[in-house]
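A look at the structure
Chain by chain, the residues run as shown.
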Amino acid sequence: MSTPEIAPRRRFLAENPSVLWFLGCLALFTLGVTVLSEGFGLALISTSMVKILGMTLCLCLIAVAMDVVWGYCGILSLGHFAFFGLGGYAIGMWLMYARTQGIVVESLSATPIPPTDIEIEKAIASQIFGVVGSNELPWLWGFAHSLTLQLMMVVLVPGLLALVFGWLAFRSRVTGVYLSILTQAMTLALSLYLFQNDTGLRGNNGLSGLQNIPGLDHVPQSALSLWFFWASALALGLGYLVFAWLVSGKFGSVIRAIRDNEARVRFLGYDVESYKLMIFTLTAVVSAIAGALYYPQAGIINPAEIAPIASIYLAVWVAIGGRGRLYGAVIGAAVVSLASSWFTGGGAPNINLGFYTINWTDWWLVLLGLGFVAVTLFFPRGIGGLFDMIVRKP
Amino acid sequence: MRSIPSLARLAATVLALGILSVLRPVVALAQDGLQPILQEYQAEIAKPSRSTVEKVLSGLMAADRPGTAEFLLRWQDRGVYARPTDGLFFYAEEIGDALRLIDIDSGAAVAEVSSREVSQIRPNSGVRAVIAAALVPFELNAPDPARREAALDAIARSGDASQIDPLSQSIETETDPALKQRKERLLTLLTAQFASALPYRLAAIEGLAGDTSIEARSVLNQLTARVPGVGTALPTGANIANVLEVGTDISEVEAYDRLVSANLAPPRQSATDRRDVLAQHIVDGAVGGVPLHLLNTDAARARAYEALEAAGTVPPRAAEDEVARAVAAHVFYEVYTEPNPEVTAAAEDALSATSHTLGLYQTLDLVLDGLSLASIFFLAAIGLAITFGVMGVINMAHGEFIMMGAYTGYVVQLFVPDYTVSLIIALPLAFVVTFGAGVAMERLVIRHLYTRPLETLLATFGISIALQQLAKNIFGTQARPLTAPDWLSGALTLNDIVSISNIRVAIFVLALIFLALLLFILKRTRLGLEVRAVTQNPGMAASMGIDPDRINMLTFGLGSGIAGIAGVAIGLYAQVTSEMGANYIVQSFMTVVVGGVGNVWGTLAGASLIGFLQKGIEWFNPSNTLAAQTYMILFIILFIQFRPKGIVALKGRAAGD
Amino acid sequence: MTTLLEVSGVSVTFDGFRAINNLSIQVAEPELRAVIGPNGAGKTTFMDIVTGKTRPDEGRVIWGEKNVSLLGLSESQIARAGIGRKFQKPTVFEAQTVRENLAMALKARRGPFDVLLYRRSKTATARIAELAEEIGLSDALARRAGELSHGQKQWLEIGMLLAQDPRLLLVDEPAAGMTPAEREHTTDILKRAAETRAVVVIEHDMEFIRRLGCKVTVLHEGSVLAEGSLDHVTQNQQVIDVYLGR
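No experiment lies behind these values; they were computed from the predicted model shown.

Focus on helix 12 (residues 326–344) of chain A
All names here are of chain A. Counted at 1.5 Å a residue, the expected span for helix 12 with its 19 residues is 27 Å, and the 27 Å between its end C-alpha atoms agrees. Those residues of helix 12 that sit buried are L326, Y327, G328, A329, V330, G332, A333, V336, S337 and F343. Remark: G346 follows helix 12 within two positions and exhibits a positive phi of approximately 85°.

Here it is in structure tokens:
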């Protein structure tokens, strides 16, 4: 069929035209938003809208990761949003530290005697942690001064957590619903941990002011928002490409087999646990990267973001978009999260029934919940499934 | 009522005075009544104040005339009047608008006057409190038990040495056994604190050993109270509790701080202070010859300061070796405030005996707390255990059924104001409402998803968010009250440490009832038999004429109905909000999973483990419930690693690997 | 002929029910062996123990020249050691194509990174074509396994078993749901496989076993009742009692 001389990348793209289609659409979308944006071109799209779109791209990326771990590998993880949040916290620590450092150094420079390093650190600590009644920098913040180290933390912390948790869970063969509940428990434990004031991450205040990038004070938000939008688009494109490559070919075949009958895969000689662990950890890391791009655009992160319900919403997006097809996850995340902000943001017109007015800010969740039940019952393949029916050649 | 005392009360106070006077020369009785003494203090009595009242009281006590107690009572109650014309004091009765003056000594009516002719004496509350304290010895023998008890309360609040004698004398004549016991206890406490005769005191202290009441413990703690001390040598004659070793018992920094606060050493200079001093001595952009821009390290600042020191512009500061030398030259110790070593030793012994008993009671209290938390978890989880365990269905909306039950209770209370009646109506009604909701959900949604358990999880989650928002739209976001009837609002108190609120007892009882009921339904009824049959082999059950559809529907209804009742119970002590169910759902799942799926006993075991564990962890770190929950969940995650099938696991092929 | 698998003194209990009772079986390489026995004799449980699905309460399971104990190994390690298994109920991956099913089973390194970087080679493609030919699914390579008939699924599973290239094949009721012609073909495949490796077949159909023409082990109540040629065991009075019932 194919000759070995042909490079694998071209063969992969040739066999998966949907990937090219997706990347093309993403590129067009990015270009369109850029041209229409305030910071660059026609100013038809406001800066806050660019931020929302950039954040949506990040949510699409984590949805793709969720689709790989759930739709392809069959692990309904209710913990991936926790990894997303951890990524946000990791980058948020640097953003907050470096920005506070700038402010502190400037205010201390007015004193006649220049401050020592310890004095600067103390001032930063009391700036950041005064709100939880502390003026010492917790050990957790040991790397917060360095962007490089903290970027490594974005990957390492969620990666290690996923590795350890996954190793424990898969090793003892916890599967199915049990595994979902276990991941949910992990998420709950993490968010409760973060909610505490004395654990070094400012309790329920979370980290804030993340939209101000240290050292880029002179750059207007309209431009910054575009930069992050581009970064998010790039991350989504790369993530999509990597995952599409991962789930095509023999590796994809094995993980889908694990989803359908993991015992049988074991008898074929595959070490199911290491495959699951690899997928779980890799998707966790990608989720964390998505989070690290999301929160500087959102500007604030707090433990409520990590609460178990967020991870369930993630599963809802993927289910609505259609499991087991990566573009389905993208569609689901984009449609539901944008619709959600349209309805709850007061964008949707209220419906007057005469005796009662349906106010969508109040009724959107009811609609979403029931709509989701309907999708599960009647369209188990989600929106992506409809897409398939139209596109699939007879 | 109190302003016109009965004759009997008068008699009793006189008697009390008599007892007081036993020790005094009998001549005192032959004196001229109370009025002359009162006249000695005319100004102080007519215009009483905190600063003068003590003087009046001690004068009255010294004179020890009959009727003193009666006078003090009336004075306190604003029942004493002064006649401006001659300065004499009278009691008075109101007759219409007029007042009938009564002579203090004879008790005879003297005159009727209008209220403008005399002035009522109105001691302020501070003065009244002092008078009341002085009255305590009299009151101890009052015929009314309530007054005796009030007197005992007063002594318990602020006891002193002078009360020992009247208290011990009043014990013999005490008729009420409970009061007698209390008097004896109080006497022991007073003796332990204030008695002048050492053997009595030691015996009393010994008697307090193992007594866990707050009063007894505070007495012992007072007796063993220590104050820190420091000096070049241990003081002689002081009752030294222990000598602190620097480095082990006390850090060098702390030790030096003590020296500083005892004015035995110069204060250590903080980095901020030094910076400020340096800032005052900037000369030509440098301090002590060190250029300003280099002063951003500690070492450079130290150099600059030393230069200033050498130049004599700033006072020398305590360097590190000086600190060490100063600390080494002093002894640090703790000294008892109680000077007598025998007393403190006895008190320490008694205290350690008490702390043993205390530990036992605290453990008991912890066990009760754990038990009540376990019953809450059990109630919240048992419905889930039925749907999840028996049917293999994950119901994420279970928490919302709990919420529905609680709101049902709230709505019932809107219509039925009597809390007891409304509770009796709410419990079955909540069952009916949530049973209906459960059956509807099973018929409409879950029935179609039996082969896809993970999707059941998601579909029921959809229902959960819809229900939650619906509740928010109907009832608003603020918490709604579900008030418990009075008979449930108290607490069962065993002693100062062990107590448990009635609601929690009721929840415990409710949990027991449900356990029994469920076991009965599952093990002894036709429905239970059919449920178990469908659980084990639906195909076989169907071929034997059992309708699995019907069984699934009923089982789901039962599980949901129990969630509704649990909701009423939980609503009674927690707040009813649209999110209350969500707070229980994860814990409930973990209870079921930890306990072992498909087994009522498993759920009980899971609830107990989680309840006790959470209370146990909270005990180690009482200030932080969040941390306790975090560690508990971590424990559960680890637990499931080692027992993936839960505590009560089904074994063999039935477990369905 | 050397001993490849030695099961000795193995017992296993489920909830008080002794499914395997002091069972001892030796399989040589190459060898073709049939295991028969009434329902509940422990035939499938025997396979479960060898493949690591069930842990025995006592006894030893020794494998290969190096006398490795299989009891400490996981299912996947046992499979990689060279034991392949075909289940009673055909279990192929229905959502995937026949080619994907075969490719997954094909002998190759099984680590996640090896698989991730795996590239189709000419030899592998040729081997898949060859196997498809042998199991009569050449035309169905691009079809989803779920669309196959029951018999075809059985073939596919046998093909996957052969693709693993194991030293020991454990085959549970390979001929169920097959036409007589297909059965004959199956017998041929098994016999050919047994020329170079050990093959253990569980089967109820005596005709099928007679055609295999190999040593037969009769299991009853979890232990070996008789062993020898088919004629030898069918004349054994105990075997007759067990099969006809007393």
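Looking at the interface of chain B and chain A
Listed by partner, the interface residues are 51 residues for chain B and 53 residues for chain A. When the area that chain B buries against chain A is broken down by residue, the three leading residues are L454, L458 and Q641 of chain B, summing to 14%. Seen at the junction of chain B and chain A, the total is three salt bridges. One can count seven residue pairs in polar contact (both at pLDDT 80 or more) joining chain B with chain A. Counting residues per element, the ones that place at least two in the side of chain B that touches chain A are helix 13 (271–280), helix 14 (298–311), helix 19 (453–475), helix 25 (580–595) and helix 27 (625–642) of chain B.

Let's talk about the sheet that holds strand 9 (residues 215–220) of chain C
Residues and elements named next belong to chain C. If you walk across this open sheet you meet the six strands as 6-7-8-3-9-10, and the pairing is mixed. Taken across any chain shown, the strands that pair with only one partner, and hence form the sheet edges, are strand 6 (83–86) and strand 10 (223–228). The sheet shows a mean angle of 20° between the axes of neighbouring strands, direction not considered. Judged from the five bridges that link them, strand 3 (residues 31–36) and strand 8 (residues 198–202) form a sheet pairing that is parallel. Looking across to strand 8, one finds that R33 is bridged to V200. Contacting strand 3, strand 6, strand 7 (168–172), strand 8 and strand 9, helix 1 (residues 43–50) runs over the sheet at an angle of about 145° to strand 7.

Brief notes about the pattern of salt bridges
Here the idea is simple: oppositely charged side chains can pair when their charged atoms come close. According to the stated counting rule, one finds 41 salt bridges over all chains in the structure shown. E119 of chain A is the partner of R301 of chain B in a salt bridge, and the nearest nitrogen-oxygen pair spans 2.8 Å. Pair noted here: R301 of chain B is in helix 14 and E119 of chain A is in helix 5 (residues 117–129), and the two residues belong to different chains. Among the ionic pairs, K276 of chain A bridges to E262 of chain A, the shortest N-O distance being 2.7 Å.

Details of unusual backbone geometry
Note on backbone geometry: most residues besides glycine have negative phi, and most peptide bonds are trans. In this model, E29 of chain C is joined to P30 of chain C through a cis peptide bond whose omega is -5°. Its location among the elements puts P30 of chain C in the loop between strand 2 (17–29) and strand 3. Phi is positive for A43 of chain A, which is not a glycine, with a value near 60°. Mapped onto the elements, A43 of chain A comes out in the loop between helix 2 (17–36) and helix 3 (47–72). For A43 of chain A, a relative accessible area of 44% translates into the label partly exposed. For N22 of chain C, which is not glycine, the phi torsion reads 50° and is therefore positive. The exposure class of N22 of chain C is exposed, given its relative accessible area of 51%.

A few points about the UniProt feature "transmembrane region" (unreviewed entry) in chain B
Residue and element names in this part refer to chain B. Look at the UniProt record and you will see "transmembrane region" (unreviewed entry) annotated at residues 371–394, 423–441, 503–522, 553–576, 588–613 and 625–642. In the segment residues 503–522, helix accounts for 100% and strand for 0%; the C-alpha atoms at its two ends are 28 Å apart. Across residues 553–576, the secondary structure splits into 88% helix and 0% strand, with the terminal C-alpha atoms separated by 28 Å.

Comments concerning the interface of chain A and chain C
Listed as interface residues are 27 residues of chain A and, on the opposing side, 31 residues of chain C. For the pair chain A and chain C, the two sides together bury roughly 2,900 Å², of which 60% comes from carbon and sulfur. On the chain A side of the contact with chain C, K250, R264 and F267 of chain A bury the most area, a combined 27% of that side's loss. For the interface between chain A and chain C, the tally reads three salt bridges. For E100 of chain C, the salt bridge goes to R256 of chain A, with nearest N and O atoms at 3.5 Å. Inspection of the region where chain A meets chain C yields 11 residue pairs in polar contact (both at pLDDT 80 or more). For the side of chain A that touches chain C, the elements supplying multiple residues, two or more each, are helix 1 (8–15), helix 8 (221–247), helix 9 (249–267) and helix 10 (272–298) of chain A. The leading source of residues in the side of chain A that touches chain C is helix 9 of chain A, at 13 residues. Among the residues forming the side of chain A that touches chain C, the class breakdown is 13 nonpolar, four polar and 10 charged.

Some remarks on the sheet that holds strand 2 (residues 89–95) of chain B
All names here are of chain B. Strand order in this open sheet of five strands is 4-3-2-1-5, and the pairing throughout is antiparallel. Only two strands of the sheet have a single neighbouring strand rather than two, namely strand 4 (109–114) and strand 5 (119–120). The pairing of strand 1 (residues 80–82) with strand 2 spans three bridges and is antiparallel. Pairing of Y81 across the sheet is with F90, part of strand 2. Helix 5 (residues 68–76) contacts strand 1 and strand 2 of the sheet and is inclined by roughly 60° relative to strand 2.

A closer look at helix 8 of chain A
Residues and elements named next belong to chain A. Here helix 8 spans 38 Å end to end across 27 residues, near enough to the 39 Å set by a 1.5 Å rise per residue. Counting buried positions along helix 8 yields 19 of 27 residues, so the element is predominantly enclosed. Of the residues flanking the end of helix 8, it is G249, one or two places downstream, whose phi is positive at about 75°.

A word on the confidence of the model for chain A
Residues and elements named next belong to chain A. Averaged over all residues, the pLDDT of chain A is 88; the fraction at 70 or higher stands at 96%. Mean pLDDT values over the elements of chain A span from 66, in helix 1, up to 95, in helix 10. Long-range and interchain partners of residues 1–9, a stretch whose pLDDT sits below 50, account for five contacts in this model, where long-range means more than four residues apart.

A word on the packing of aromatic side chains
Under the defined criterion, the tally for this structure stands at 24 aromatic pairs over all chains. Ring centres of W342 of chain A and F343 of chain A lie 5.1 Å apart, and the angle between their planes is 70°; this geometry places the pair in the edge-to-face category. The class for W342 of chain A is partly exposed, based on a relative accessible area of 43%. Assessed through its relative accessible area of 13%, F343 of chain A is described here as buried. Members of the aromatic cluster, each reached through a chain of ring pairs, are F81, F84, Y294 and Y295 of chain A. It is K250 of chain A that lies over the ring of Y118 of chain C; its NZ or CZ is 4.2 Å from the centre.

Focus on the side chain of E338 of chain B
Turning to its location among the elements, E338 of chain B is positioned in the loop between strand 10 (331–336) and helix 16 (341–391). Apart from the residues lying within four places of it in its own chain, the contact partners of E338 of chain B are R201, L223, N239, V343 and T344 of chain B.

Points about a nonpolar patch on the surface
Residue and element names in this part refer to chain A. Together, L28, L31, V35, L42 and L44 line one region of the surface with nonpolar side chains, adding up to about 540 Å² of accessible area. Turning to its location among the elements, L44 is positioned in the loop between helix 2 and helix 3. When its relative accessible area of 64% is taken as the criterion, L44 is described as exposed.

Quick look at the domain arrangement of chain B
All names here are of chain B. Segmenting chain B into domains produces domain 1 (7–139), domain 2 (156–223), domain 3 (226–336) and domain 4 (359–655). For domain 2 versus domain 4, the distance between C-alpha centres works out to 50 Å. Contact residues are listed per partner, giving four residues for domain 2 and four residues for domain 4. Carbon and sulfur atoms supply 59% of the area that domain 2 and domain 4 bury against each other, a total of about 270 Å² over both sides. Ranking the residues of domain 2 by area buried against domain 4 places T212, I214 and R217 at the top, with a combined share of 89%. Where domain 2 touches domain 4, the interface holds zero salt bridges.

Calculation criteria
Residues numbered from 1 in each chain as written. Chains lettered and ligands numbered in written order. Predicted model: local features only at pLDDT ≥ 70, side-chain atom pairs only at ≥ 80, totals over all residues. Heavy atoms only, no water. Helix = DSSP H or I, 4+ residues; strand = E, 2+ residues; numbered from the N terminus. Expected span 1.5 Å × (residues − 1). Buried < 20%, exposed > 50% of the residue type's maximum accessible area, 1.4 Å probe, protein only. Contact = heavy atoms within 4.5 Å. Buried area = accessible area lost by both parts, 1.4 Å probe. Salt bridge = Lys/Arg side-chain N within 4 Å of Asp/Glu carboxyl O. Polar contact = N/O pair within 3.5 Å; in protein donor to acceptor, adjacent residues only side chain to side chain. Pairing = 2+ DSSP bridges. Axes fitted to C-alpha atoms, helices over the stretch in contact; angles between N-to-C directions. UniProt positions renumbered as here; feature names shortened; annotations may be inferred. Nonpolar A, V, L, I, M, F, W, Y, C, P; charged D, E, K, R; others polar. pLDDT = per-residue confidence, 0-100. Phe/Tyr/Trp six-rings, centres within 6.5 Å; stacked < 30°, edge-to-face > 60°. Lys NZ or Arg CZ within 6 Å of the ring centre and 35° of its normal. Patch = residues over 30% accessible without salt bridge, like charges linked within 9 Å, V, L, I, M, F, W, Y side chains within 5 Å. Areas by Shrake-Rupley, 256 points an atom, 1.4 Å probe, with all protein chains shown as cover. Domains from an automatic or database assignment.

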